[in-house]
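# Examining the three-dimensional arrangement
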Amino acid sequence: MVATAVESEHRVTPRELFFDLVFVFAFTQVATLLAADPTFAGIGRGVLVLAALWWAWTAYAWLTNTVDPEEGFIGAALLVALIAMFIAALAVPGVFDHDGVLFGAAFLVVVAVHAALYVLAGRGNRDLLGAVLRVVPWTLLGTTLILVAGFADGARVWLWLAALVVIYVGALLSGSSGWRLHPSHFAERHGLVVIIALGEAFIAIGIGATGIGIGLGEVTAAILGLLVATSYWLAYFDFFSIRGERLLVDRQGVERVALARDVYSYAHFPMIVGIVLFAFAMKTIVGHVGEELDSVTAFALCGGCALYLLTYSAIRIRVEHRLRVSSGRFVAALAFVLLLPVATMVPALVALALVTGVWVALHAYELVWWRQARAESRSLLASS
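For the rest of this paragraph, the subject is the overall build of the protein. The helix and strand inventory of the protein stands at 14 helices and zero strands. Shown N-terminal to C-terminal, the secondary structure of the protein runs as helices and strands in the order α-α-α-α-α-α-α-α-α-α-α-α-α-α. Computed over C-alpha atoms, the radius of gyration of the protein comes to 21 Å, within 12% of the 21 Å expected from 2.2 N^0.38 for 384 residues, which places it in the range of a compact globule. Overall, the protein is about 60 × 55 × 35 Å in size when its C-alpha atoms are taken along their principal axes. Looking at the protein as a whole, 54% of its 384 residues are labelled buried. Expressed as a percentage of contacts within the protein between residues at least 6 apart in sequence, the contacts between residues at least 24 apart total 81%. As displayed, the protein has an accessible area near 15600 Å², and 70% of this comes from carbon and sulfur atoms. Distance between charge centres in the protein, computed from 23 positive and 26 negative side chains, equals 9 Å.

What follows is the structure, given as structure tokens:
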């Protein structure tokens, strides 16, 4: 059994894209979980499940950044992990009910395959092997707690919370030394998962329109929803995706690894949460355009947008090591928060139109204010 470490920069491979397809379904299942329990507690439980799914995805993003996923043995192992992840995704709607054990067992297989492949990849590199062995005990412990939670009743949510704290904090405590990272591949892979998450918003709009009479209101809601989804995409790919990659390229060693961990593995998670919350809200809005939103759906709509934009300010603070926010995006996030009570007092279509208006205003501002920085970034991209 061989897992060869990749020595040079490389593009995302078809096998990686195929592996990522299972997460399209997994994110959709989280939205289904939220729809079955449209409460603030339900949102909290949905975020816990999404955190576990995100950790699995980002862990494999690190792995395939390090090893060649097109190798026969690696490809076979990835297929095993894909099947296990699909079974775990099937169990997501009932993960806090009767399917908790099934999810935990399948998720443990996903994590175990990842750990085994990383150990094999590190056999010829003592630093990499040391880094893997530092983080694996934390990950296996956290995953075991998720499995144990499937057998529990009253303490299930608390066990999930403890498991995720162990996984995320343990990885942070294990340090940044020893890991290998190819920045362009890593940035490209995370950009693609943002697109995968946005695909959930498209699916949600379609599901919301299923089984209802499609009139002018529903068509308008669908168009506005697509504009907001496009705004999420534009906020990431118009500037950040290029700049994020350059930040990684310009750093070396432990500093590069730490930045990749903080900006991509950790800070991208609230972005994904914001997108999934928006998708959940769109399921309701498209099917009930003339009704007022309840507080939970309004929170998902406005809070999801706010969380997504606030993440960029958090990334800026991490990169610059000082309290400096992205002014336009921070103001837009505050506008979304202020829209929360309004969204519960007007028809759903009007609330969505107001949210779309804030996004359009933000992009108009950035098209003018960031035009020089955007031109410089594209020039660097063209010359690289």
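Right, let's talk about the packing of helix α1 (residues 14-36) against helix α7 (residues 183-208) for a bit. For the pair α1 and α7, the least separation of the axes is 9 Å and the interaxial angle reads 40 degrees. One way to sum up the angle between α1 and α7 is to call them oblique. The element α1 and its partner α7 pack so that their crossing is right-handed. Side by side, α1 and α7 meet where Glu 16, Leu 17, Phe 19, Asp 20, Phe 23, Val 24, Phe 27, Thr 28 and Ala 31 of the first sit next to His 185, Arg 189, Leu 192, Val 193, Ile 196, Ala 197, Glu 200 and Ile 203 of the second.

This part covers the nonpolar core. With 130 residues, the main nonpolar core has Phe 103, Trp 160, Tyr 308 and Trp 359 as its most contacted residues. In terms of residue count, helix α2 (residues 40-66) provides more of this core than any other element does, 15 residues in total. Excluding its chain neighbours within four sequence positions, the residues that come into contact with Trp 359 are Val 228, Ser 231, Tyr 232, Ala 235, Cys 305, Tyr 308, Leu 309 and Phe 336.

Glancing now at the layout of surface pockets. The space that makes up the largest pocket amounts to roughly 520 Å³. Of the residues belonging to the lining of the largest pocket, the class tally is 12 nonpolar, three polar and five charged.

Further remarks concern empty space enclosed by the protein. Tallied over the entire structure, the rule returns four cavities of 30 Å³ or more. Of the volumes computed, that of the largest cavity is approximately 330 Å³. Taken together, 21 residues form the lining of the largest cavity, with Trp 55, Trp 62, Val 135, Ala 171 and Trp 179 sitting closest to its centre. For the lining of the largest cavity, the secondary structure elements donating two or more residues are α2, α4 (100-121), α5 (126-149) and α9 (253-266).

Glancing now at the state of the cysteines. On inspection of all chains with the given rule, the structure shows zero disulfides. Counting only cysteine sulfurs, Cys 305 is the nearest neighbor of Cys 302, a cysteine outside any disulfide, at a range of 6.9 Å.

Taking 1.5 Å per residue as the helical rise, helix α6 (residues 156-173) with its 18 residues ought to reach 26 Å, and the 25 Å between its terminal C-alpha atoms agrees with that figure. Every buried residue of α6 is listed here: Arg 156, Trp 160, Ala 163, Leu 164, Val 166, Ile 167, Tyr 168, Gly 170 and Ala 171. Where α6 is buried, its residues contact α2, α4, α5 and α9. Note on α6: the residue one or two positions beyond its end, Gly 175, has a positive phi of about 90 degrees.

At a minimum axis distance of 13 Å, the contact between α2 and helix α3 (residues 72-90) shows a crossing angle of 170 degrees. The angle between α2 and α3 places the two elements in the roughly antiparallel class. In this structure, α2 contributes Leu 53, Ala 56, Tyr 60 and Thr 64 to the contact, and α3 contributes Leu 78, Ala 81 and Met 85. Partitioning the contact of α2 with α3 into residue classes produces six nonpolar, one polar and no charged.

Before going further, it helps to spend a moment on the packing of aromatic side chains. Scanning the entire structure with this criterion turns up 28 aromatic pairs. Measuring from centroid to centroid gives 5.7 Å for Tyr 168 and Tyr 266, while their planes differ by 85 degrees, and the two rings are edge-to-face. A residue pair is termed long-range when its members are at least 10 positions apart, and Tyr 168 in helix α6 and Tyr 266 in helix α9 qualify at 98 residues. According to the relative accessible area criterion, Tyr 168 is buried, its value standing at 13%. Measuring from centroid to centroid gives 6.4 Å for Phe 240 and Tyr 264, while their planes differ by 40 degrees, and the two rings are tilted. With Phe 240 in helix α8 (residues 216-249) and Tyr 264 in helix α9, this pair connects stretches of sequence that are 24 residues apart. Directly above the ring of Tyr 312 sits Arg 329, whose terminal nitrogen or CZ lies 4.4 Å from the centroid.

In this section: the pattern of salt bridges. Applying the stated criterion to the full structure yields 13 salt bridges. In this structure, Asp 20 engages Arg 189 in a salt bridge whose closest nitrogen and oxygen atoms are separated by 2.7 Å. Residue Asp 20 is located in helix α1, and its partner Arg 189 is located in helix α7; the two are separated by 169 residues in the primary sequence. Judged by relative accessible area, Arg 189 falls into the buried class, the value being 1%. One salt-bridge network, held together by shared partners, links Arg 316, Glu 320, Arg 322 and Arg 324.

Reading the values: the criteria
- Residues numbered from 1 in each chain as written.
- Predicted model: local features only at pLDDT ≥ 70, side-chain atom pairs only at ≥ 80, totals over all residues.
- Heavy atoms only, no water.
- Helix = DSSP H or I, 4+ residues; strand = E, 2+ residues; numbered from the N terminus.
- Rg over C-alpha atoms; globule rule 2.2 N^0.38 Å.
- Buried < 20%, exposed > 50% of the residue type's maximum accessible area, 1.4 Å probe, protein only.
- Contact = heavy atoms within 4.5 Å.
- Areas by Shrake-Rupley, 256 points an atom, 1.4 Å probe, with all protein chains shown as cover.
- Lys, Arg positive; Asp, Glu negative; His and termini not counted.
- Charge placed at Lys NZ, Arg CZ, Asp CG, Glu CD.
- Axes fitted to C-alpha atoms, helices over the stretch in contact; angles between N-to-C directions.
- Parallel < 35°, antiparallel > 145°, perpendicular 65-115°, else oblique.
- Left-handed = near helix turned anticlockwise from the far one by under 90°.
- Core = buried A, V, L, I, M, F, W, Y, C linked by side-chain atoms within 4.5 Å.
- 1 Å grid on protein atoms, 1.4 Å probe; cavity = no way out; pocket = protein on both sides within 12 Å on 5 of 7 lines; lining within 4 Å.
- Points joined across faces, edges and corners; volume = space filled by probe spheres on them.
- Nonpolar A, V, L, I, M, F, W, Y, C, P; charged D, E, K, R; others polar.
- Disulfide = S-S within 2.5 Å.
- Expected span 1.5 Å × (residues − 1).
- Phe/Tyr/Trp six-rings, centres within 6.5 Å; stacked < 30°, edge-to-face > 60°.
- Lys NZ or Arg CZ within 6 Å of the ring centre and 35° of its normal.
- Salt bridge = Lys/Arg side-chain N within 4 Å of Asp/Glu carboxyl O.

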